[in-house]
Structure formats: structure tokens, C-alpha cells
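Chain by chain, the residues run as shown.
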Amino acid sequence: MHDAVIVDAVRTPIGKRGGSLSDLHPADLSAHVLAALTGRVGIDPAEIEDVIWGCVVQAGEQAGNIARTAALAAGWPESVPGTTVNRACGSSQQALSFAAASVIAGHADFVVAGGVESMSRVPMGSAAKEGSSATPPSVQARYGVDSFSQGLGAEMMAERWNLDRRTLDEYALRSHELTAQAIDTGAFDSQLAPVEGRLAVDEGLRRGGSIDKLATLKTPFKEDGVIHAGNASQISDGAAALLVTTGKIAADRGLSPIARIHTVAVTGDDPVMMLSGPISATAKALSRSGLSIEDIGAFEVNEAFAPVPLAWLAETGADEKRLNPLGGAIAVGHPLGGSGAILMTRLVHHMRDNGIRYGLQTMCEAGGMANATIVELL
């Protein structure tokens, strides 16, 4: 049976909303990492048999199968097809799972997985018609709600796991501190494809934060709540791409992969709380893999809101020092459809830089879903 390996992974620096990447069409932003990836590996783009690309808000400039548009924007041969995936925030993590399945099945030799979101140019909610709802009355009635809200879901998580505002804000400051350390020590340098003339490092980092400053922020989802802009992910622009093939093909071609895709899992969970899926997805992936939580040397748990990684930590019993060791989306942003590939890029480079054998990535997704992926260093 074939396996699936990640030959290389590259990402843009993450731009803040209205910032340095906001003047780039999302297809061009995608094309930037596609070209950087094949250039780094030294593979002819004509050998790529598919581009599987995550994107959440497939409207406006991100409509019309942006995977295909991105390959054309990169100047790749017309023979390279593309397909666009939407599993909410986990879209590009799911794209990687589909790419792995494709090479394992023998359907393709080389597949690029990744994703993009330009939240500056295509805001959240752009795909919805005014006055309409993505959830019909039948689903609302099933759960006894008028609507579904990630912000309220984060408030629910905080209440269920007894996470007070100070605890959440301390975690948010941790994210910024670890990101600052990573930037200052060059931990991201090998994975970045700087956008020349625009952006060379992640743009959202805020240095010098304090508990007192965060305490002044309003809680928009609940009047007496605990969730605010300072302990939630930033609205951002970014893209990432990973080259996937089999171990045998990589060896035959003289390529040196970073990691093997060991185990993948996807699960559904409470769609009202919406954000607790990473807990069950992690349990499912670990059970399927035969590994324990102690075997995993690094975890990337997307920081959509601070309660997500903290509740996950409480339920899994993982070592806190292994959780988001380079900071996360609270510090640098969460460009929706690109985040899964961005997190995996961060993870595999961190594993290689530090000799970590196993890593696990998971993220909450709208609708109460979550992906979990375990990778093994090669």
C-alpha cells in the first residue's frame, strides 16, 4: 500500500485586514505560494496532476473555482486542473487529506494541497443573499435556536469549561509572546514566501499587550461575556501550499520529504456550541493511529477563540508546552480557507527544526465539525 508524504510546505506571511496583502487578488495570492512551492522543490509544474484548494467564502473574487484560477495565475500549464474545497475553517486541512488519499489510491503522483482567504477583499458573509439564512427553519427547530453563532459558541465553551476572562486573556497574551519569540528567532523564516514589496513577516502581531489593556475591550457576543477581539482570532489574508506524493515516488525522484501523513480523522459535534469538535477529532485520530497523547511532540490547535485550545487542553491532558508553541491565530490571524494549510506548514517545519517525531493539527469548523491530522517526521 502506498503512503503519502509532504515534500515541502510554504506559506505567505499573514496580512491583517486592510493591510499589506489587501491589494492582492486572492488568486494571485494563491499563485504566489504555488510558484514558490514548485520553485523550492525544483519540480516542473506540468507534473502536478491536481491542485486541491481550500476556500470558505467562494464569492466575488474567490468564486468560480479559485483552485483552477490560481494555477493559471501562477503561469502553470493548462493541463493542471484544480478543485476548490469548503469544510469551513478546516477547508485546506481537508484539502490535504484529499490530496493524501489521491496519491495513496494511485490516482495521481503529485498533488498540491493548500488554500487561501482574502478576508479584506471578500468579507465573511459575502456569499449570503441579504435576508436569507444558510440554515432552514427545520434545522433551527431541531436545536431550538434562531441562528448559529461562533461567538456565542465560544461563550458557551468558556462557561462549560469554567474559563474566566482573565484566563482567556492570559492565553491570548501567551499567543502574542510566543509569536514574537518565533519571529525574532527566525523560526518562521524557512517556511515563508515573502511577498516582495509588501510583506515579509506576519503582520498581526501586537507587542506590549497587557491584562489591563485587554480588560477594556467590549464583549460583543454577550453583554456580560468573556469573548472579545483580543482573545479571538484576527481577520486576515493569507495562503499556503503543500506538495504531496508517495514515499516511493519521492525516493525515486531524489526528493527529501519533511513528514509522512500518519493518520487523518474528521468528526461532527454539537453545531450550537460549534467549536468543541477538535476534542472528539483528536480522540478519533489518536485511537485510529495507535498513538497516545504523550507520543505527540507538538500540537497545532487553531486559536479561533481562546476557549478552543484551552478546553481541548483540559479534555486531552496534553502537555501545555507542546500546544501552539509558536503562538497562533490570536496573534497572527485566521485567513479561514488558508488556515489549515498554514497551520500544517508551521507544524511540519517546527517538527523538522526541533527533531519532533509526531505532530497533530486540529481545528474547529462551522457547523460543529473538526479535522485532526497526525504527521510523522521523516
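Residues numbered from 1 in each chain as written. Predicted model: local features only at pLDDT ≥ 70, side-chain atom pairs only at ≥ 80, totals over all residues. Heavy atoms only, no water.

Some details on the side chain of Gln93
Looking at where Gln93 falls in the secondary structure, it is placed in helix H3 (residues 91-104). A distance of 3.1 Å separates a polar side-chain atom of Gln93 from the backbone oxygen of Gln361. If we ignore the near neighbours within four places in the chain, the residues touching Gln93 are Gly340, Ala341, Gln361, Thr362, Met363, Asn371, Ala372 and Thr373. (Helix = DSSP H or I, 4+ residues; strand = E, 2+ residues; numbered from the N terminus. Polar contact = N/O pair within 3.5 Å; in protein donor to acceptor, adjacent residues only side chain to side chain. Contact = heavy atoms within 4.5 Å.)

A few points about the environment of Arg68
One can find Arg68 in helix H2 (residues 66-73). Not counting residues up to four positions away in its chain, the partners in contact with Arg68 are Glu78, Val80, Pro81 and Gly82. Of note is the side chain of Arg68, whose polar atom sits 2.7 Å from the backbone oxygen of Val80.

Description of H2
Owing to its 3.6 residues per turn, the α-helix brings residues three or four apart onto one side. All of the buried residues along H2 are Ile66, Ala67, Ala70 and Ala71. Seen end-on, H2 carries its buried residues on one side only, within an arc spanning 140°. Among the structural elements, helix H1 (26-41), strand S3 (50-54), strand S4 (82-85) and strand S5 (111-118) are those in contact with the buried residues of H2. (Buried < 20%, exposed > 50% of the residue type's maximum accessible area, 1.4 Å probe, protein only. Arc of directions from axis to C-beta.)

Overview of empty space enclosed by the protein
For the coordinates displayed, the defined rule picks out one cavity of 30 Å³ or more. By volume, the largest cavity is sized at about 60 Å³. Considering the residues around the largest cavity, the lining is formed by Ile14, Asn302, Gly328, Ala329, Val332, Gly333, Pro335, Ser339, Ile342, Leu343 and Arg346. When contributions to the lining of the largest cavity are tallied by element, the ones reaching two or more residues are helix H11 (329-332) and helix H12 (339-354). Partitioned by chemical class, the residues of the lining of the largest cavity number six nonpolar, four polar and one charged. (1 Å grid on protein atoms, 1.4 Å probe; cavity = no way out; pocket = protein on both sides within 12 Å on 5 of 7 lines; lining within 4 Å. Points joined across faces, edges and corners; volume = space filled by probe spheres on them. Nonpolar A, V, L, I, M, F, W, Y, C, P; charged D, E, K, R; others polar.)

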